[in-house]
Number of protein chains: 2
Amino acid sequence: MTVTPDEYSLLTDLYQLTMAACYVKEGLDTKRASFELFTRKLPDGFGYLVAMGLTQVLEYLEQLKFSPEQIQYLQSTGIFDHVSDRFWDTLLDFQFTGDVWAVPEGTVVFANEPILRVEAPLWQAQLVETYLLNTINYQTLVATRAARLRDIAGAEATLLEFGTRRAFSPQASLWAARAALAGGLDATSNVLAALKLGEKPSGTMAHSLVMAMKAIEGSESDAFTAFHQSFPGAPLLIDTYDTVAAATDLASKVNAGEMELSGVRLDSGDLVSLSQQVRSLLPDVQIFASGDLDEYEIARLKAAGACIDGYGLGTRLVTGNPVNGVYKLVEIDGIPTMKQSSGKSTYPGCKQVFRRFVDGEIQSDTLGLVSDDFEDSQPLLQLVCQNGKNLQLPETLAAIRHRTQTNVASLPAIARQLQNPQSPPVMVSESLQKLTLKEEGRGKKGN
Amino acid sequence: MTVTPDEYSLLTDLYQLTMAACYVKEGLDTKRASFELFTRKLPDGFGYLVAMGLTQVLEYLEQLKFSPEQIQYLQSTGIFDHVSDRFWDTLLDFQFTGDVWAVPEGTVVFANEPILRVEAPLWQAQLVETYLLNTINYQTLVATRAARLRDIAGAEATLLEFGTRRAFSPQASLWAARAALAGGLDATSNVLAALKLGEKPSGTMAHSLVMAMKAIEGSESDAFTAFHQSFPGAPLLIDTYDTVAAATDLASKVNAGEMELSGVRLDSGDLVSLSQQVRSLLPDVQIFASGDLDEYEIARLKAAGACIDGYGLGTRLVTGNPVNGVYKLVEIDGIPTMKQSSGKSTYPGCKQVFRRFVDGEIQSDTLGLVSDDFEDSQPLLQLVCQNGKNLQLPETLAAIRHRTQTNVASLPAIARQLQNPQSPPVMVSESLQKLTLKEEGRGKKGN
């Protein structure tokens, strides 16, 4: 089961289409609506998020359309038997005609700050919710983790994305690789992702090669020699049987001038003690570590004096608890709206995030209305799509990675720390506070 | 960034291809190898896994090939400059020619039990590792969660898959929908997934419709009437402002004979008390609940006397910590192999799982060699692909769901409980114990 871009119109929750049909029947479909995408709360242990996935959002909006076959399928379900014919005409003629405001990929954001806003005819703005959340939620999660890993490991460390076997579907592995590289990692082992991203794939070797060659040819040492001859730049994996014995064997080859070894990888055991022993045996060789590593474990290894130059990151980079972004109606036909459900209320109106820096460091953000104006603050949301036309110039991964790095560097230390991080203050502007109070009053009336 | 089946040959870790090239150079590529896929440990809090994803594995193996353009890309990376020309011929001529043994989808398995075994020329069996782990790990996770949800919610509850917005990429949402339905859920809200799976999509309505109509037309009540006219069978979402007030309004319409309401959905607040109040107001209406629900929360709601007939399941079904399946070489050229890395050692040799039932309940499993034979035990792994040819007849989702249900029903209660579940005993056969001891001895020699 794969999905191609021409199938994305149906890659949505059924209710987006039933609500669209209802809007058409009620004559509300063309009313101008604004929806904002944000998270109410950062994932546990995170002090910031790195916004990612806008490129895929804009590609999606430009290509989105319904084929006659897709419309026929919807009709065949029997679900839409009571809707007006104008709904089907609306789908057939559809292309996205709205505007999108968004923060650039690689921008750090905090809870309640819009990552993007869609302003479009109501039914269009509604329809795209599911895909927009899907792409932004996941890529933002992986980019944030990558930024944290880079922040902890340091600029000199080599950070490799090895998550494909644990990613949640093949496409997830591609998106994870993109977000990881944009968030601060150096390379991915995923060959297809590297091809699509214009990057060079990276990798070492697996235990199976050592096991197979040892079984047939008699020794781990033969396996190292064979693999090194074909791939002299690839690190050798030395923990299949006895790490120190393997390193001793390699050291004798290196010292005898038989092998120009560039790197080794450790995937098990006490990485602190083993890496120190390997460093003393192979002082000029890069040492890579892997095996369920994350930023907390890297911090622990560094503090304990491990001699590790690079890390392979997989499971804990590409799986786990998600970023729970939501997409909420904030204005319809010029009227601000807010959700008031218990524990899930939102701020009404079209908003902007105003960021204030002092000496290059983020001092505070103010969540305000687009009509607000603050001197010495930088508005984060930019117009990136107008009347359905993508205004963004394509950006390289390197450019996004650089923006991520600059953004993370501008965070106060307390937002970057691993233990109990805290976001900088996000204040609510006076005009937004007033509007919120007013709308809360309106919501309680006229049920 | 999407992926199509003809791109799957590059959807792999670089090292699978570099190792393949090394095997070719060493003349080992055609040696017969066996790899087994299993998990060393179940995810925390799980007493069993429901194996899922075999259908996608077999499709992949049948379609796998390298195009001249893909080979050209690999050559252009410069990584393969030292390999023999025979490697490129091998890729160009490649189609999968191996055998696959596997447990049927929907079978419950425990730690260390192979979900599948690939027996193929070494380089082929190696190459497919990344994709096989990717599909089996994720679908097994979602199917297991779905089975647990069904087990706790009971046969009568309606369980709907709503996870697309939180899934890790569009394709992940398709795979999640498939695994969720095969594992015990009733329907998915994902329209494309439903189309591909031959199912009818399902859904309710969102807060935005209520908010938009209330802003323009003046009341939540008008929004309900409008949506109900177009979609009389769809549940109405009643928690946007005041749940009890909304239910009271609907009850007056129902009691006046103005509306034949089939269901309502609650997405926030105290679901126990609200569902009880709604039940007393709307006694004949189905009540659905949603909002970060999982099997633990459903158990809590039921125990507390909530009046809920159906659940929408999203975030906690389709994201989270993964099933950490691994894929390990167990035999090469007739020689059993085992990995002996610290804390990560494996059992050598081609294995079978022998399951013993007493009165329809799983008593114990024995992990043995394929040459073992136990009376009154059922071997779980079956030959599903021979010489590259898929032997499986296509199965309906309903058939797999039925197998899942039967398998879960055959588990002892302690494996099904949510608090500290325990798998039935998995014993190791005498012959496998002997082989393991022998191979441990061999591994320590001849480094």
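Residues numbered from 1 in each chain as written. Chains lettered and ligands numbered in written order. Predicted model: local features only at pLDDT ≥ 70, side-chain atom pairs only at ≥ 80, totals over all residues. Heavy atoms only, no water.

Draft legend 1. Structural detail: the overall build of chain A. Across its full length, chain A carries 17 helices and 19 strands. Expressed along its principal axes, the backbone C-alpha trace of chain A runs to roughly 85 × 55 × 40 Å. Here chain A, with 447 residues, has 64% of them falling under the buried criterion. Of the contacts made within chain A by residues no fewer than 6 positions apart, 73% connect residues no fewer than 24 positions apart. When the accessible surface of chain A is totalled, it reaches about 15,500 Å², and 48% of it is carbon and sulfur. With 38 positive and 53 negative side-chain charges, chain A shows a spacing of 5 Å between the two charge centroids. (Helix = DSSP H or I, 4+ residues; strand = E, 2+ residues; numbered from the N terminus. Buried < 20%, exposed > 50% of the residue type's maximum accessible area, 1.4 Å probe, protein only. Contact = heavy atoms within 4.5 Å. Areas by Shrake-Rupley, 256 points an atom, 1.4 Å probe, with all protein chains shown as cover. Lys, Arg positive; Asp, Glu negative; His and termini not counted. Charge placed at Lys NZ, Arg CZ, Asp CG, Glu CD.)

Draft legend 2. Representation of the environment of A:Phe94. With respect to the secondary-structure elements, A:Phe94 resides in the loop between helix H4 (85–93) and strand S3 (99–102). Considering only alpha carbons, one finds A:Phe94 and A:Gln124, 30 residues apart in sequence, at a separation of 8.7 Å.

Draft legend 3. Representation of the sheet that holds strand S3 (residues 99–102) of chain B in the model. All names here are of chain B. Within the open sheet, the 7 strands sit side by side as S13-S12-S1-S5-S3-S17-S18. Their pairing is antiparallel. Single-partner strands in this sheet number two, and they are strand S13 (335–336) and strand S18 (389–390). Two strands pair when backbone bridges link them, and strand S1 (residues 32–39) and strand S12 (residues 325–332) are joined in this way by 7 bridges, in the antiparallel orientation. Residue pairing in the sheet places Thr39 in a bridge with Gly325 of S12. Seen against the sheet, helix H6 (residues 129–153) touches S1, strand S5 (116–121) and S12 and runs at an angle of roughly 135° to S12. (Pairing = 2+ DSSP bridges. Axes fitted to C-alpha atoms, helices over the stretch in contact; angles between N-to-C directions.)

Draft legend 4. Highlighting the nonpolar core. The biggest cluster of nonpolar side chains holds 302 residues, and the ones touching the most others in it are A:Phe80, A:Leu132, A:Tyr311, B:Phe80, B:Leu132 and B:Tyr311. Element by element, the count of residues in this core is highest for helix H6 (residues 129–153) of chain A, at 13 residues. Taken domain by domain, the makeup of this core includes at least three residues from each of domain 1 (5–140 + 321–443) and domain 2 (143–316) of chain B. Look past the residues within four positions of A:Leu132 in its chain and what remains in contact with it is A:Leu37, A:Val57, A:Tyr60, A:Leu61, A:Leu116, A:Val118 and A:Tyr327. (Core = buried A, V, L, I, M, F, W, Y, C linked by side-chain atoms within 4.5 Å. Domains from an automatic or database assignment.)

Draft legend 5. Local environment of the sheet that holds strand S14 (residues 351–358) of chain A. Residue and element names in this part refer to chain A. If you walk across this open sheet you meet the 4 strands as S16-S14-S15-S19, and the pairing is mixed. Every interior strand has two partners, whereas the edge strands, strand S16 (378–379) and strand S19 (426–428), have only one. Note that S14 and S16 share 2 bridges and pair antiparallel. By the bridge assignment for S16, Phe354 is matched with Pro379.

Draft legend 6. Expanded view of the interface of chain B and chain A. Counting from both sides, the interface comprises 130 residues of chain B and, opposite them, 130 residues of chain A. Both faces considered, chain B and chain A share a buried interface measuring about 10,700 Å² in area, 63% of it formed by carbon and sulfur atoms. Our count for the contact surface shared by chain B and chain A stands at 6 salt bridges. Residues B:Asp13 and A:Arg165 are paired through a salt bridge, measuring 3.0 Å at the closest nitrogen-oxygen approach. There are 45 residue pairs in polar contact (both at pLDDT 80 or more) connecting chain B and chain A. When grouped by side-chain class, the residues that make up the side of chain B that touches chain A number 60 nonpolar, 45 polar and 25 charged. (Buried area = accessible area lost by both parts, 1.4 Å probe. Salt bridge = Lys/Arg side-chain N within 4 Å of Asp/Glu carboxyl O. Polar contact = N/O pair within 3.5 Å; in protein donor to acceptor, adjacent residues only side chain to side chain. Nonpolar A, V, L, I, M, F, W, Y, C, P; charged D, E, K, R; others polar.)

Draft legend 7. Examining the UniProt feature "domain: Nicotinate/nicotinamide phosphoribosyltransferase" (unreviewed entry) in chain A more closely. The UniProt entry lists residues 159–276 of chain A under the feature "domain: Nicotinate/nicotinamide phosphoribosyltransferase" (unreviewed entry), expressed in the numbering used here. Spanning residues 159–276 of chain A, this segment combines 53% helix with 9% strand, and its end C-alpha atoms are found 20 Å apart. (UniProt positions renumbered as here; feature names shortened; annotations may be inferred.)

Draft legend 8. Focus on the pattern of salt bridges. All names here are of chain A. A full pass over the atoms with the stated rule returns 42 salt bridges over all chains. As a salt-bridge pair, Asp99 and Arg32 come within 3.2 Å of each other at their nearest N and O atoms. Within this pair, whereas Asp99 is found in strand S3, its partner Arg32 is found in strand S1 (residues 32–39), the two being separated by 67 residues in sequence. By relative accessible area, Asp99 is classed as buried at 11%.

Draft legend 9. Broad picture of the relation of the copies chain B and chain A. In the superposition of chain B on chain A (RMSD 0.0 Å, axial shift 0.0 Å), the rotation amounts to 180°. One copy is carried onto the other by what is essentially a two-fold rotation axis. Residue B:Gly320, judged by its C-alpha, is the member of chain B lying nearest the rotation axis, at 2.0 Å. (Least-squares fit on C-alpha atoms with pLDDT ≥ 70 in both.)

Draft legend 10. Broad picture of the side chain of A:Thr404. All names here are of chain A. You can see Thr404 is positioned in helix H15 (residues 397–409). You can call Thr404 buried: its relative accessible area is 1%. At 3.1 Å, the side chain of Thr404 and the backbone oxygen of Ala182 are in polar contact. With sequence-adjacent residues up to four places away left out, Thr404 is seen in contact with Val50, Met52, Gly106, Ala147, Ala182 and Gly183.

Draft legend 11. Structural detail: the packing of helix H9 (residues 207–217) of chain A against helix H1 (residues 14–25) of chain B. With their axes 10 Å apart at the nearest point, H9(A) and H1(B) run at an angle of 15° to one another. Taken together, the axis directions place H9(A) and H1(B) in an arrangement best described as roughly parallel. Handedness of the crossing formed by H9(A) with H1(B): right-handed. Residue-level contacts link A:Ser208, A:Leu209 and A:Met213 of H9(A) to B:Met19, B:Cys22 and B:Tyr23 of H1(B). Across the contact of H9(A) with H1(B), the residue classes break down as 5 nonpolar, 1 polar and no charged. (Parallel < 35°, antiparallel > 145°, perpendicular 65-115°, else oblique. Left-handed = near helix turned anticlockwise from the far one by under 90°.)

Draft legend 12. Looking closely at the pairing of strand S15 (residues 361–369) of chain A. Residues and elements named next belong to chain A. Here S15 lies mainly inside the structure; 7 of its 9 residues are buried. Sheet topology places S14 next to S15; 8 bridges connect them, and they run antiparallel. Bridging from a neighbouring strand, Val353 pairs with Leu367 of S15. Connecting S14 to the next strand, S15, in antiparallel fashion are 2 residues, including Asp359 with a positive phi near 50°.

Draft legend 13. Structural detail: the packing of aromatic side chains. Residue and element names in this part refer to chain A. What the rule picks out here adds up to 29 aromatic pairs over all chains. Geometrically, the ring pair formed by Phe354 and Phe374 is edge-to-face, given 4.9 Å between the ring centres and 70° between the ring planes. Here Phe354 is found in strand S14, whereas its partner Phe374 is found in the loop between S15 and S16, with 20 residues between them in sequence. Over the ring of Tyr241 we find Lys214; its NZ or CZ atom is 4.8 Å from the centre of that ring. (Phe/Tyr/Trp six-rings, centres within 6.5 Å; stacked < 30°, edge-to-face > 60°. Lys NZ or Arg CZ within 6 Å of the ring centre and 35° of its normal.)

Draft legend 14. Quick look at unusual backbone geometry. For A:Asn112, which is not a glycine, the phi torsion comes out positive at approximately 75°. The residue A:Asn112 is located in the loop between strand S4 (108–109) and strand S5 (116–121) in this model. If you check the backbone angles, B:Asn420 has positive phi at about 50° while not being a glycine. Among the secondary structure elements, B:Asn420 is positioned in the loop between helix H16 (413–416) and strand S19 (426–428). Classification of B:Asn420 as exposed rests on a relative accessible area of 64%.

Draft legend 15. Representation of the packing of helix H1 (residues 14–25) of chain A against H4(A). Residues and elements named next belong to chain A. Packing of H1 against H4 leaves a shortest axis separation of 9 Å and a crossing angle of 115°. The two elements H1 and H4 cross, and the hand of that crossing is right-handed. On the side of H1, the interface is formed by Leu17, Ala20, Ala21 and Val24, while H4 contributes Arg86, Phe87 and Thr90.

Draft legend 16. Main features of H6(A). Residue and element names in this part refer to chain A. Along its 25 residues, H6 runs 36 Å from first to last C-alpha, staying within 8% of the 36 Å computed at 1.5 Å per residue. With 24 of 25 residues buried, H6 lies mostly within the body of the structure. A positive phi of about 95° marks Gly154, the residue just after H6. (Expected span 1.5 Å × (residues − 1).)

Draft legend 17. Spotlight on the environment of B:Cys350. All names here are of chain B. If you trace the backbone, Cys350 turns up in the loop between S13 and strand S14 (351–358). Residues Cys350 and Ala155, spaced 195 residues apart in sequence, show a C-alpha to C-alpha distance of 38 Å. Contacts of Cys350, omitting those with residues within four sequence positions, involve Ser34, Glu36, Arg117, Glu119, Val330, Glu331, Gly368, Leu369 and Val370.

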